[in-house]
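Examination of the molecular architecture
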Amino acid sequence: MATVRAASRLLSKRVLSRAKAISTQYPVVDHEFDAVVVGAGGAGLRAAFGLSEAGFNTACVTKLFPTRSHTVAAQGGINAALGNMEEDDWRWHFYDTVKGSDWLGDQDAIHYMTEQAPAAVVELENFGMPFSRTEDGKIYQRAFGGQSLKYGKGGQAHRCCCVADRTGHSLLHTLYGRSLRYDTSYFVEYFALDLLMDDGVCKGVIALCMEDGSIHRIRAQNTIIATGGYGRTYFSCTSAHTSTGDGTAMVTRAGLPCQDLEFVQFHPTGIYGAGCLITEGCRGEGGILINSEGERFMERYAPNAKDLASRDVVSRSMTIEIREGRGVGPEKDHVHLQLHHLPPQQLASRLPGISETAMIFAGVDVTKEPIPVLPTVHYNMGGIPTNYKGQVIDHTNGKDKVVPGLYACGEAASASVHGANRLGANSLLDLVVFGRACALTITDLHKPGEKLTPLKPSAGEESVANLDKLRFANGSLRTSEIRLNMQKTMQNHAAVFRTGSVLKEGCDKMDDVYQSMENIKTFDRGIVWNTDLVESLELQNLLLNAVQTINAAEQRKESRGAHAREDFKDRVDEYDYSKPLEGQQKKTFDQHWRKHTLSYVDPKTGKVALKYRPVIDSSLNEQDCAHVPPAIRSY
Amino acid sequence: MCQAAWRPAIAGMGSSRGYRGDAPDDSRIDLIEIPLPPWPERTDEPIDIKRRRLLYESRKRGMLENCILLSIFAKQYLNTMTYSQLQQYDRLINEPSNDWDIYYWATEAYPTPEVYQGEVMDLLKEFTKNRNHEQRLDAPSLEYLEEESKKEMPSGQEMCTEFQKEMTSRLVYVRGIIMET
């Protein structure tokens with residue numbers, strides 16, 4: 001790894017002096033690898049490590065230093081049915097996940113993930129991840145929302161394994177460190193621009209080196225996308241500023257579909273504006289949500305659970321209060337989370353991080369004032385459609401077809417294990433299992449050192465032209481203005497509260513915002529560490545994700561999981577599962593909504609085309625693990 | 001098996017600051033046994049390139065809290081830092097592998113290791129205290145750089161005014177400060 005870095009620095013130094021002479025030409029460097037991974041978060045690192053260990057010459061392209069990927073924010077843990085706290089069975093975890101997905105998850109992928117979970121955790125432990133332990137030295141497991149025993153009938157399950165409060169960081173540190181011993185080549189602070197596609201086959205990626213502005217075409221037999229989610233399309237999200245949907249946008253530009261993008265998970269309490277997460281633990285400790293009239297409004301929406309009702313119920317209640325005019329602040333666009341009625345001692349000992357975060361990001365002293373909060377985008381269940389092996393698929397003539405050379409894993413992908421709603425602590429599991437699955441599939445199908453098919457000399461030309469156009473853009477709207485327009489449109493029209501007329505209006509507004517990109521104005525003409533340019537490229541990516549999300553949401557006329565519509569409040573399945581099935585006429589594929597959305601965008605016009613694909617209802621092995629037939633989801 | 005039968009092995013090496021932190025011990029063995037390559041300090045990087053790189057690296061962090069904190073800090077201080085201050089800042093934001101550590105040191109939840117103590121860390125700690133109770137709602141947009149490149153070195157006061165104007169136009173609600181838009 002050290003040699004590659006040094007060589008590319010030398011080359012870039014020589015090349016840079018030529019670049020200065022040619023004003024808008026870019027030096028292009030070609031590389032050849034067996035596999036290239038885009039993104040160095042939990043999923044990307046696991047895939048890169050797995051491939052390097054198996055002897056493949058692997059490159060990993062990342063716009064951030066690996067341990068600074070958004071995975072580091074994860075403090076929860078990894079679910080696995082190890083059975084250390086009580087008797088446990090991965091089939092119960094399978095059931096919980098299928099139910100949690102509101103029967104939109106593909107049961108073969110969920111079977112794969114939950115069955116592999118214990119082995120994946122033990123494997124991480126062997127790599128050196130220091131999971132927290134019980135007194136007997138077994139891995140400590142704790143409770144997490146949505147996890148039950150005996151198919152929902154045995155009470156709360158304890159299956160979340162963690163490394164104190166830094167599971168995400170430990171995962172990244174361990175995998176990054178290990179992958180270096182196998183000689184993985186890291187291209188750190190390189191921004192991946194596009195996939196190199198040739199006749200429907202993926203042949204690698206083209207990336208911009210931020211350090212010297214050179215373009216790199218990284219050719220490989222296998223490309224894995226692990227770029228994470230796209231929370232930044234919304235005004236308020238818990239994600240870092242790096243969650244810009246780069247991978248999903250690259251796939252869209254390549255003419256391939258994205259799946260289920262309308263399913264966006266909202267966490268009820270993120271700080272208004274900043275979006276930093278305020279843990280559910282606050283409400284667990286007695287914190288209450290208040291509207292402009294000082295009323296504890298959750299008592300009306302959930303008389304029993306009140307402020308501790310499930311996340312989607314609380315989010316929707318908050319949104320209804322705001323829409324009915326009882327929001328707080330000058331724009332009446334959020335509500336208050338009140339903690340000052342709790343003893344200061346309790347706040348200090350049980351919720352130490354909250355007081356600091358509230359002061360730093362909201363200027364609020366929690367012992368005296370309430371925190372302004374809003375339902376905040378937290379996770380994207382949708383993404384690049386793959387099968388349970390991690391291979392990206394397209395759907396033509398009613399059949400799934402594998403795209404040769406392309407794989408995806410992590411939040412960027414939709415295998416789909418989370419379906420319409422994700423359970424807590426299943427995300428880190430998803431990263432590890434499917435990162436490994438991509439590596440295993442490639443190891444099965446290919447050998448290290450396979451000869452690459454030739455690449456057209458002009459491959460990647462369009463990406464460079466786009467880069468150049470953005471770098472010298474001189475329209476009338478600044479990047480930050482267009483971004484704000486997009487974020488406000490998404491927040492006002494495709495947030496928790498969704499209804500036909502509001503969504504339709506949003507689709508039209510989003511189309512205008514998309515068109516306004518023609519008028520973008522950037523100010524930094526440099527090529528070295530040009531943050532303005534990178535943020536503009538990210539904005540292009542965000543817009544592609546946003547138009548698909550809002551159009552898919554507008555079309556889906558039902559409520560399922562995280563997608564809740566006021567005008568279509570029920571799930572529309574092939575049968576009405578709230579009644580006995582006998583005597584019911586099965587609805588045709590066109591008449592019901594228990595299906596995956598596939599969205600395509602024409603990047604030039606911003607026009608979205610939607611198609612649908614059936615959910616996979618059978619597990620990998622019906623004898624071993626029977627599939628869970630759909631039912632009404634109640635907790 | 002009774003759920004209460006299990007108990008964490010070690011009481012904990014320092015209390016957890018994490019939100020979902022009811023988890024026991026953190027042995028930190030991975031950090032000891034899996035050492036990462038040492039952080040490469042760039043000694044021959046021109047000062048203006050260093051500033052540009054640190055701007056990118058301040059704005060793109062692992063979690064939202066650091067993204068907002070460091071990008072507003074960078075807007076306020078980055079362009080007036082001396083070379084040695086830039087080197088301190090570079091080490092501070094690039095050497096630690098866990099972004100949360102930088103947040104805990106800045107908020108003084110944990111003591112700052114000696115190697116990161118210094119002028120820049122003091123500035124960051126003071127900045128984090130938010131004595132003016134400003135609402136730090138998001139990373140600032142980059143246009144302040146364009147305006148700066150047209151003027152001579154702006155004063156800290158001017159930069160604060162620019163920042164406040166921007167916040168007002170973006171979000172009307174600023175506690176306790178009367179602004180004219």
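Residues numbered from 1 in each chain as written. Chains lettered and ligands numbered in written order. Predicted model: local features only at pLDDT ≥ 70, side-chain atom pairs only at ≥ 80, totals over all residues. Heavy atoms only, no water.

The name that an unreviewed UniProt entry assigns to chain A is Succinate dehydrogenase [ubiquinone] flavoprotein subunit, mitochondrial, with the source organism given as Kryptolebias marmoratus. Annotation of chain A in UniProt includes, under Sequence similarities (unreviewed entry), the sentence "Belongs to the FAD-dependent oxidoreductase 2 family. FRD/SDH subfamily." The UniProt entry for chain A carries the following comment under Subcellular location (unreviewed entry): "Mitochondrion inner membrane". (UniProt positions renumbered as here; feature names shortened; annotations may be inferred.)

As a further point, take the sheet that holds strand E4 (residues 141-148) of chain A. Residues and elements named next belong to chain A. Spatially, E3-E5-E4 is the arrangement adopted by the 3 strands of the open sheet, whose pairing is antiparallel. Two strands in the sheet have a free side with no partner beyond their single neighbour: strand E3 (78-79) and E4. Relative to strand E5 (residues 156-161), E4 runs antiparallel, the two being bridged by 4 bridges. Within the sheet, the bridge partner assigned to Ser-148 lies in E5 and is Gln-156. (Pairing = 2+ DSSP bridges. Helix = DSSP H or I, 4+ residues; strand = E, 2+ residues; numbered from the N terminus.)

Now for helix H15 (residues 500-516) of chain A. Residue and element names in this part refer to chain A. Look at H15: 24 Å from first C-alpha to last across 17 residues, which is about the 24 Å you get at 1.5 Å a residue. Considered for burial, the residues of H15 that qualify are Gly-500, Val-502, Leu-503, Gly-506, Cys-507, Met-510, Val-513, Tyr-514 and Ser-516. Packing partners of the buried residues in H15 comprise helix H9 (311-323), strand E19 (477-478), helix H14 (479-493), strand E20 (520-521), helix H16 (531-555) and strand E21 (595-602). (Expected span 1.5 Å × (residues − 1). Buried < 20%, exposed > 50% of the residue type's maximum accessible area, 1.4 Å probe, protein only. Contact = heavy atoms within 4.5 Å.)

Below, the discussion takes up the packing of aromatic side chains. All names here are of chain A. Inspection of every chain in the model, using the stated rule, returns 23 aromatic pairs over all chains. Where Tyr-112 meets Phe-434, the ring centres are 5.9 Å apart and the plane angle is 50°; that geometry is what we call tilted. Note that Tyr-112 is positioned in helix H4 (residues 107-127) and Phe-434 in helix H12 (residues 426-445), a separation of 322 residues in sequence. Like Tyr-112, the residue Phe-434 is buried in the burial classification. Geometrically, the ring pair formed by Tyr-234 and Phe-266 is edge-to-face, given 5.9 Å between the ring centres and 90° between the ring planes. Of this pair, Tyr-234 sits in the loop between strand E9 (215-225) and helix H6 (246-253) while Phe-266 sits in strand E11 (residues 264-271), and the two are 32 residues apart along the sequence. Here the two residues Tyr-234 and Phe-266 agree in accessibility, since each one is buried. (Phe/Tyr/Trp six-rings, centres within 6.5 Å; stacked < 30°, edge-to-face > 60°.)

Further remarks concern the UniProt feature "domain: FAD-dependent oxidoreductase 2 FAD-binding" (unreviewed entry) in chain A. In the numbering used here, UniProt assigns the feature "domain: FAD-dependent oxidoreductase 2 FAD-binding" (unreviewed entry) to residues 34-428 of chain A. In the segment residues 34-428 of chain A, helix accounts for 28% and strand for 27%; the C-alpha atoms at its two ends are 26 Å apart.

This brings us to the UniProt feature "binding site: substrate" (unreviewed entry) in chain A. Residues and elements named next belong to chain A. UniProt records the feature "binding site: substrate" (unreviewed entry) at His-267, Thr-279, His-378 and Arg-422, using the numbering of this structure. With respect to the helices and strands, His-267 occurs in strand E11. The exposure class assigned to His-267 is buried, which follows from its relative accessible area of 2%. When residues no more than four places from it in sequence are discounted, the contact partners of His-267 are Leu-277, Ile-278, Glu-280, Arg-283, Arg-311, Ser-315, Leu-374, Pro-375, Thr-376 and His-378. Following the sequence through the fold, Arg-422 ends up in the loop between strand E18 (413-414) and H12. Excluding residues within four positions of it along the chain, Arg-422 makes contact with Gln-265, His-378, Tyr-379, Met-381 and Ser-427.

Another aspect to go through is the sheet that holds strand E13 (residues 335-338) of chain A. All names here are of chain A. With antiparallel pairing, 4 strands are arranged side by side in an open sheet as E11-E14-E13-E12. The open sheet has two edge strands with one neighbour each: E11 and strand E12 (288-290). Averaged over neighbouring strand pairs, the angle between their axes works out to 45° when direction is ignored. Inspection of the sheet shows E13 paired to strand E14 (residues 371-380) by 3 bridges, in the antiparallel sense. Directly across from His-336, in E14, lies its bridge partner Pro-372. Strands in contact with helix H11 (residues 352-362) are E11 and E14; relative to E11, the strand with the most contacts, it is inclined by about 90°. (Axes fitted to C-alpha atoms, helices over the stretch in contact; angles between N-to-C directions.)

On to the environment of A:Asp108. Structurally, the position occupied by A:Asp108 is in helix H4. Considered as a pair, A:Asp108 and A:Ala415 are 307 residues apart in the sequence and their alpha carbons are 9.3 Å apart.

Residues and elements named next belong to chain B. With their axes 7 Å apart at the nearest point, helix H2 (residues 47-59) and helix H3 (residues 64-77) run at an angle of 150° to one another. With respect to each other, H2 and H3 are oriented roughly antiparallel. Here H2 contributes Leu-55, Ser-58 and Arg-59 to the contact with H3, which in turn contributes Asn-66, Cys-67, Leu-70, Ser-71 and Ala-74. Looking at side-chain class alone, the contact of H2 with H3 contains 4 nonpolar, 3 polar and 1 charged residues. (Parallel < 35°, antiparallel > 145°, perpendicular 65-115°, else oblique. Nonpolar A, V, L, I, M, F, W, Y, C, P; charged D, E, K, R; others polar.)

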